[in-house]
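Coordinate inspection notes
Given next are the chains, with one letter for each unit.
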Amino acid sequence: MKTYFAYLSGNFGRTNESIIPLFLLLTLLMSSLRAEDEKFKVMTTFTVIADIVKNVAGDAARVESITKPDAEIHNYQATPGDLRRARDVDLIIYNGLNLELWADKFFQNLNDVPTVIISHNIKPIGIRQGPYKGKPNPHAWMSPTNVLTYVDNVKVALARYDNRNAGIYELNAGIYRRKLLEKFEEYHLKFNMLPEYRKWLVTSEGAFSYLAAEFGLKEAYLWPMNSDGQGTPRQIQKVIDLVIENKIPAIFSESTISPKPALQVARETGANYGGVLYVDSLSTENGPVPTYIDLVEKTLDTIYEALSEGT
């Protein structure tokens, strides 16, 4: 009998040894989930802004985007699911400058959720043609210098609505600003070295006005914004004439639209099709542009390679 009880006691001890670590693991997991759920929650309107906000927020806040990676954001239609998710957040950050044409109606259903425009204090560049002529071009984030202002606006907004983590946001914003400055300094030097006659940026959508201005490029495009008519015969002929007249070396298109109009211009002028540029959306994590820095770096590399070919 003693041997039997000793056997039971030994087995009970071994069972306890396996149960205790499992219990501790479950406790830690539940604590982690609670801590994550208690974090300040931020929603942005598209993935580019989400990445900028994540760099400032770090681990202090949860950040998600309404639109998905690789999405065409101009004609986006918010869904009931978007609305349900937005009602559970503490702050919504959006671009403004007439980019999110659906936003006003969306925000009307979110009476208790504060909203912040990330492009505050940006000097807008006007759209030169089409139905939005005279209105601000919304793609201000394509200028790395402008994004320094975006970062400052995010830091201020997060600190205002989540003051307990203001110090973290201040620190992260400073780190991210330095990273942006270091990353894009070399591109200014490279584009300055291009011959003047090759400093042309011709694209499908007029989404690169801020980038062109920052890097000293003359700009032309087939249509002003993706919400306009795209690739009409008149638009294509106008750009064909411009490319021939100025001996422009390359034309580009954007990742979220068809390249066919740009390819037609290339065929009929002898210009090179320079490739795909990224502007409105990040890719998935395993794609070519999973972060804002990747997006601008990839776009600048593609432009520089095409414009410098043969120089």
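Described in the following lines is the structure provided in the data block. All figures in this text were calculated on a predicted structure; none of them were measured in a lab.

Of the two faces of strand 2 (residues 61-65), the one lined by Ala61, Val63 and Ser65 is fully buried and the one lined by Arg62 and Glu64 carries no buried residue. Summarising the sheet, strand 1 (residues 40-44) and strand 2 pair through five bridges and their orientation is parallel. Bridge pairing in strand 2 places Phe40 opposite Ala61. In this region the chain leaves strand 1, passes through helix 2 (residues 47-57) and returns to the parallel neighbour strand 2; the handedness of that crossover is right-handed.

Below, the discussion takes up the packing of helix 6 (residues 166-192) against helix 10 (residues 292-308). At a minimum axis separation of 11 Å, helix 6 and helix 10 run at an interaxial angle of 5°. Looking at the two axes, helix 6 sits roughly parallel to helix 10. Facing Tyr176, Lys179, Leu180, Lys183, Phe184, Tyr187, Lys190 and Phe191 of helix 6, the residues of helix 10 in contact are Tyr292, Ile293, Val296, Glu297, Leu300, Asp301, Ile303 and Tyr304. Among the residues making up the contact of helix 6 with helix 10, the classes are represented as 11 nonpolar, no polar and five charged.

Summed over all chains, the structure comprises eight aromatic pairs. Where Tyr76 meets Trp102, the ring centres are 5.7 Å apart and the plane angle is 65°; that geometry is what we call edge-to-face. Of the two residues, Tyr76 sits in the loop between strand 2 and helix 3 (80-86) while Trp102 sits in the loop between strand 3 (91-94) and helix 4 (103-108), which places them 26 residues apart along the sequence. Across the pair, Trp102 and Tyr76 agree in class, each one buried. Note on Phe184 and Tyr187: the rings are 6.1 Å apart at their centroids and 40° apart in plane angle, and the pair reads as tilted. You can see Phe184 and its partner Tyr187 sitting in helix 6, three residues apart, about one turn around the helix. For Phe184, a relative accessible area of 2% puts it in the buried group. Sitting over the ring of Tyr304, Lys190 keeps its end group 4.6 Å from the ring centre.

Calculation criteria
- Residues numbered from 1 in each chain as written.
- Predicted model: local features only at pLDDT ≥ 70, side-chain atom pairs only at ≥ 80, totals over all residues.
- Heavy atoms only, no water.
- Buried < 20%, exposed > 50% of the residue type's maximum accessible area, 1.4 Å probe, protein only.
- Helix = DSSP H or I, 4+ residues; strand = E, 2+ residues; numbered from the N terminus.
- Pairing = 2+ DSSP bridges.
- Right-handed = clockwise from strand over helix to strand, strands pointing away.
- Axes fitted to C-alpha atoms, helices over the stretch in contact; angles between N-to-C directions.
- Parallel < 35°, antiparallel > 145°, perpendicular 65-115°, else oblique.
- Contact = heavy atoms within 4.5 Å.
- Nonpolar A, V, L, I, M, F, W, Y, C, P; charged D, E, K, R; others polar.
- Phe/Tyr/Trp six-rings, centres within 6.5 Å; stacked < 30°, edge-to-face > 60°.
- Lys NZ or Arg CZ within 6 Å of the ring centre and 35° of its normal.

The quantities given are spatial measurements derived from coordinates; they are silent on function.
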